[in-house]
Amino acid sequence: MTSPAPAAIPPIPAGLRREQLLDLLYYMRLTRALEERLVNLYRQTKVIGGLFRSLGQEADAVGSAYALDREAGDILSPLIRNLGSMLVQGARPVEVLRQYMAKGESPTAGRELNIHFNDLERGFLGQISHLGDMVPVMAGIALHFRLTGQPRVGLVYVGDGAMSTGSFHEGMNFAAVQRLPLVVVAENNGYAFSTPLRKQTAVKHLVEKAAGYGVPGVQADGNDVLAVYEATRAAVGHARAGGGPSIVELVTYRRKGHAEHDNQSYVPLEEIEAWVKNDPIDRFARQLRETGWAAPDELEAVDQRITAELDEAIAACEDEPFPDPLTALDGVYADPPRADLEWYRRLDG
Amino acid sequence: MAETTYLEAIRQGLLEEMTRDDRVILLGEDIGPYGGAFKVTEGLHARFGEGRVIETPISEIAIVGVAAGAAHMGMRPVCEMQFIDFMSNAYSILTNYVATARYRAGGLPTPMVVRGPSGGGVRGGPFHSQNAEAGYLHTPGLKIVAPATARDAKGLIKAAIRDEDPVLYLEHKWLYRRIREDLPDDEEILTPLGSARVAREGTDLSLITYSAMVFKALEAADRLAAEDGLSVEVIDLRSLAPLDDEAVVRTVRKTSRALVAHEDTRTGGVAAEIIARINELCFEWLDAPVRRVCAHDVPLPYAPTLEDFVLPQTDDLVRACRWLARY
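Residues numbered from 1 in each chain as written. Chains lettered and ligands numbered in written order. Predicted model: local features only at pLDDT ≥ 70, side-chain atom pairs only at ≥ 80, totals over all residues.

**Describing the overall build of chain A**
So, step 1. Check the secondary structure of chain A and you find 13 helices and seven strands.
So, step 2. In terms of overall size, chain A behaves like a compact globule, its C-alpha atoms giving a radius of gyration of 21 Å where 349 residues would be expected to give roughly 20 Å.
So, step 3. Overall size of chain A, expressed as C-alpha extent along the three principal axes, is 100 × 50 × 45 Å.
So, step 4. A total of 349 residues make up chain A; the buried ones form 50% of that total.
So, step 5. Taking the intrachain contacts of chain A between residues at least 6 apart in sequence as the baseline, contacts between residues at least 24 apart amount to 75%. (Helix = DSSP H or I, 4+ residues; strand = E, 2+ residues; numbered from the N terminus. Rg over C-alpha atoms; globule rule 2.2 N^0.38 Å. Buried ≥ 20, exposed ≤ 12 C-beta atoms within 10 Å, placed from the backbone. Contact = placed C-beta atoms within 7 Å.)

This is how it looks when you write it as structure tokens:
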């Protein structure tokens, strides 16, 4: 009697290598685990401001950012639910922790919150809270790439809400007219704060808006990290080859409220439950196991690595001080380097 | 030496900086082969090509946002607002994104200039005559300059382009072709930001102003000298942010009487800020309250009788100076 032949391992799609699949899993799990740690710190009142979760959206941020070429110097600009994209570009958990806890050692020295920070060398430009503004700004970065003849690509995230702004429209239109190497990832998570998609726009799918700008648009399952990667990869390749901008709509779902304080009273419970079953990390881990692309101990090793990294990151910064108050005056301008303090001191004179 | 108009001086400044530094690019509406609504950029598209002189859709947010992104990457963009009135379309991205970048984002540099025709007296009506400065003076992170002479029009555009911070360059369209000066060909003109100029020396009272009002101030000073024997010192601020406090204090200490004048409306205007600083810095040197002459607090109307009444005129300055001298 012969033993049955082992089931053949299916080929890995999208030209990815096995280590890259584990990378994708690592970044998705790191995103979720880091946010879970932040929830604990928030409850201990160590997170000073609001806390924004990307629960259930990790695949869209990670898969799309992973499609960029970090060696080539591609740059992205995230929105608040794209922590995963920044981690892919090399942002470190300790930086995110320091930002949330307003530490003096944070990348913005305590001036800005959460994931609003940047490092153009590593390839991420932090957003501001005014939705849509990063589209023209990233178009400017893409313009620089084109004018200097560099084969680099910019990627900017917008959501169903940001796409209603005038800034989005003007930036998108400019990028289209100038055929700039810019990929616009339209993250459709169903809600902008409490406003559902149907009150945000009269189109059924965000990708329909691409036609109005004369650019290609594709839609992908935002909870399937490989589909996200593949769709974004094609748009990035198109941009790098001089084909101009395009819109990639990623259909996903925001499983938490706008921020930790928001109890989502406006969302039907069944809706959330349905999307829990479509969890992008569970789906991918299952896919890795069932295809045999990764062994169970490799998946476990990913989790262990993340636990150790986050333990270390929190220990490193948890007890750090806030910034010195007087540093608030520094660096509004290159010149003068410090805002006037004399007017204030004269109050005693 | 060549006789140069205020408008040509701006163009020369742009041309010289674009020649000197290939990181300097222009962005704006109709600034390509057409040369811009007032022809400030005429000839630059032909000379530098569409990679350096970029015609944009009608979209001030995009112009400013794209410039910011390019500036982060080391370029030196100069944005043209077709009329400065339209800069308010980009108010949010200018004040929230551009102005805050260095401070909030770990020193992220955004060296860029936004320039455009400001000011009234040209029968442009409410949307082609505005003075924008007060709306931006309040925002930390922006620098604001407003040249009155051809020399400073050139010197300030060059200095603004070289500056590491975002600069709003407010040129006065009434001056475009009305003033001309001999500018040297063999000297590089750079006007430092944050430095006022004494446009006329005087000892009896100080008239502190900027932009096109400098000429009405000089006219008033002439009349007061001839008719009243008064010696009026005229200060041309040139930069509104940063303000040259030292120059203001110096002239107030010299004359002990000050009038602050501008073409912009009164409430919340630049004059209010200058008067507050005089109060803080040299109150004890004053022999009279500081007065201001500004436009009436109304949108700028079109009809000549209305516009001339609303905008401050030389007569208004003369009356205010006489009041101060009598006090």
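**Considerations on the nonpolar core**
So, step 1. Core analysis: the largest hydrophobic core is formed by 206 residues, its most contacted members being Ala139 of chain A together with Val64, Leu207 and Cys321 of chain B.
So, step 2. At ten residues, helix 1 (residues 18–43) of chain A tops the list of elements feeding residues into this core.
So, step 3. Filtering out sequence-adjacent residues up to four positions away, Leu207 of chain B remains in contact with Ala217, Ala220, Ala221, Val232, Glu233, Val234, Leu259, Ala261, Leu317 and Cys321 of chain B. (Core = buried A, V, L, I, M, F, W, Y, C linked by C-beta atoms within 7 Å.)

**Quick word on the pairing of strand 6 (residues 217–221) of chain A**
All names here are of chain A.
So, step 1. Bridge count between strand 6 and strand 7 (residues 246–251): five bridges; the pairing is parallel. Note that in strand 7 the partner of Ala220 across the bridge is Leu250.
So, step 2. What joins strand 6 to strand 7 is helix 9 (residues 225–240), and the crossover it makes is right-handed. (Pairing = 2+ DSSP bridges. Right-handed = clockwise from strand over helix to strand, strands pointing away.)

**Some details on the sheet that holds strand 4 (residues 76–80) of chain B**
All names here are of chain B.
So, step 1. Taken in spatial order, the seven strands line up as 3-2-4-5-7-6-12 in an open sheet, and their pairing is mixed. Since the sheet does not close on itself, it has two edges, and those belong to strand 3 (53–55) and strand 12 (239–241), each with one partner. The average undirected angle you get between the axes of adjacent strands in this sheet is 20°.
So, step 2. Bridge count for strand 6 (residues 143–145) against strand 12 is two bridges, and the pairing is antiparallel. Bridged to Ile144 within strand 12 is Ala241. (Axes fitted to C-alpha atoms, helices over the stretch in contact; angles between N-to-C directions.)

**Describing helix 12 (residues 296–317) of chain A**
Residue and element names in this part refer to chain A.
So, step 1. The terminal C-alpha atoms of helix 12 lie 33 Å apart, and with 22 residues this matches the ideal 32 Å at 1.5 Å per residue to within 8%.
So, step 2. Restricting attention to buried positions, one finds in helix 12 the residues Val302, Ile306, Ile314 and Cys317. Axial view of helix 12: buried residues confined to an arc of 85°, hence all on one face. Away from the buried face of helix 12 by more than 90 degrees, exposed residues Pro296, Asp297, Glu300, Gln304, Ala308, Asp311, Glu312 and Ala315 are located. (Expected span 1.5 Å × (residues − 1). Arc of directions from axis to C-beta.)

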